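Breakdown of the fold
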Amino acid sequence: MDILIIGSGGREYSIGLALSKDQAVNKLYFAPGNGATDALGKNIDITDYQQLVGFAKQNSIDLTIVGPETPLVEGVVDIFQSDGLVIFGPGKAAARLEGSKVYMKNFLAKYSIPTAQYIQTSSAKEALSFIQTLKTPIVVKADGLCAGKGVIIAQSIDEANDAVVKMLSGESFGDAGSKVIIEEYLDGYELSMFAICDGKDFILLPAAQDHKRLKNNDEGPNTGGMGAYAPTPLAHDELYEKVKKRIIRPTLDGMNQEKAPFRGVLFIGIMVVENEPITLEFNVRFGDPECEVLMPLMKTPASELFYKAATGDLHNLHVEFEDKYAVGVVIASANYPYSTSIPAEIVVDKIVHKEIADNTHISYAGVKKEDDILYATGGRVLVCVGMGASIKEAKDRAYMLCGQVHFAGKKFRTDIAYQAL
Ligand code: AMP
Ligand code: GLY
């Protein structure tokens, strides 16, 4: 099978890494990829969707996999499908589950799927009077895509009011803030669950936990995610069953009723409150860094899973996972998440200990290659992944790998997976 992966992050690298070890995969392409993906396949410098269709046809691509949300929300899947190409991801209509938080919340309410109480509005007056009725903290969300920055957890009524005014005026997020959601704050623990869907059926992957804050003990600003591990013991069989029955099944059925069948990755951000799973949000793609710990846990070839999901054939697939744990620690650049950092050369020491070498790997994200030297280009640079028979073993191995990776200004959390240990 010849496969094209759209995207350039650690998520796409980890999908490519799994596919590069997959017997069924022949050629692998990344559009545009990053400075390390060219070691797994070939990077192609095309971003225009119609030109990508041309590339896929000329090169007889059997399957295209879309990593990030922006091309999905912009409708890349519909463009490929209208040319008869097989592509894994939701169409534009279904991608609204991530593209518009108002659409998502109204969908959840319409199909009685558990979520936080909320109002949606584009009127500051209405928002401010609802805020008066809530206890702090108060959650304010911009409707559209904001690169993970559109959620404010306000600690006071004044802070919530201020967030609403800045969103609605366009000052914070431009058009993406022209509607807002105000919702109740849920107090519990957070999980990331991923269902691979084919429009009718789904396969639920082991639950993961992300670490969104920059610093240890979940302090500091929100980030895209500083580390993840899976499976998490915080999800047990009963919780998986509740998520399937109360969230995923009604979502797939509801999206069919909305004439927007969901194919692709349904990423459910869950808050577990008193043992009950409540939907915080949907995303329509893999989480990053969650993907980096889930891919190495797949025993079933990834090409088969994604191809069958893309062609509506999941009922013919029995998926198996490794009986192991994976822990991924993000190493970020000095100024992340505030501003860019100057490029810094990456040096990875040779790993002499066989047990570490065999049970760890790096997923590269914010990197470029010049004259065969890899440079950190800022943001989240790479993820050190450790595998093991226990979370502790996987974590220790991941951190040993962190010690082998060097670049100026590198920083990482030292407590990834703490909630499970
Ligand atoms: P989102 O972009 O919707 O995932 O929100 C970003 C983060 O804000 C989530 O991962 C949660 O940590 C937090 N969050 C969002 N909504 C709520 C809520 N209703 N109650 C508590 N925390 C929330
Ligand atoms: N790690 C969370 C996300 O990708 O949105």
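For the structure given in this document, a descriptive report is provided here. (Residues numbered from 1 in each chain as written. Chains lettered and ligands numbered in written order. Predicted model: local features only at pLDDT ≥ 70, side-chain atom pairs only at ≥ 80, totals over all residues. Heavy atoms only, no water.)

1. Description of the sheet that holds strand β24 (residues 380–388)
Going by this rule: For two strands to be treated as a pair, DSSP must find no fewer than two bridges joining them. Where helices and strands are cited, they refer to DSSP runs of H or I of at least four residues and of E of at least two residues respectively, numbered from the N terminus. In this description, contact between two residues means that some pair of their heavy atoms is separated by no more than 4.5 Å. Orientation is described by lines fitted to C-alpha atoms, with helices fitted over the stretch in contact, and by angles between N-to-C directions that extend from 0 to 180 degrees.
Read from one edge to the other, the open sheet built from five strands follows the order β12-β15-β18-β24-β21, with strand pairing classed as antiparallel. Here the strands that pair on one side only, and so sit at the sheet edges, are β12 (209–210) and β21 (360–364). Bridge count for β12 against strand β15 (residues 227–230) is two bridges, and the pairing is antiparallel. Pairing of Asp210 across the sheet is with Ala228, part of β15. The strands touched by helix α13 (residues 391–402) within the sheet are β15, β18 (325–332), β21 and β24, with β24 carrying the most contacts at an inclination of about 140 degrees.

2. Focus on the site of ligand 2
To keep it simple, the criterion reads: Consider each residue's heavy atoms; a residue with any of them within 4 Å of a molecule or strand counts as near. A 3.5 Å cut-off defines polar contacts: any pair of N or O atoms within that distance qualifies, except that in protein one atom must be a possible hydrogen donor and the other a possible acceptor, and neighbouring residues in sequence count only when both atoms are side-chain atoms. Accessible surface is estimated by sampling points in the Shrake-Rupley manner with a 1.4 Å probe; for residues, cover comes only from the protein chains shown.
What surrounds ligand 2 is the set Asp210, Gly224, Phe267, Arg285, Gly287, Asp288, Pro289 and Glu290. One of the side-chain N or O atoms of Arg285 is found 2.9 Å from an oxygen atom in ligand 2. With respect to ligand 2, the backbone of Asp288 contributes an N or O atom lying 2.9 Å from a nitrogen atom. About the coverage of ligand 2: the protein hides 88% of its 200 Å² of free accessible area.

3. Description of the pairing of strand β10 (residues 189–198)
Threshold: For every residue, the accessible area (1.4 Å probe, protein chains only) is compared with the maximum for its type, and the residue is labelled buried under 20%, exposed over 50%, or partly exposed between those bounds.
Here β10 lies mainly inside the structure; eight of its 10 residues are buried. Note: β10 against strand β11 (residues 202–204), three bridges, orientation antiparallel. Looking at the pairing, Cys197 lines up with Phe202 of β11. Connecting β10 to the antiparallel partner β11 that follows it, the hairpin turn spans three residues, and Gly199 within it adopts a positive phi of roughly 100 degrees.

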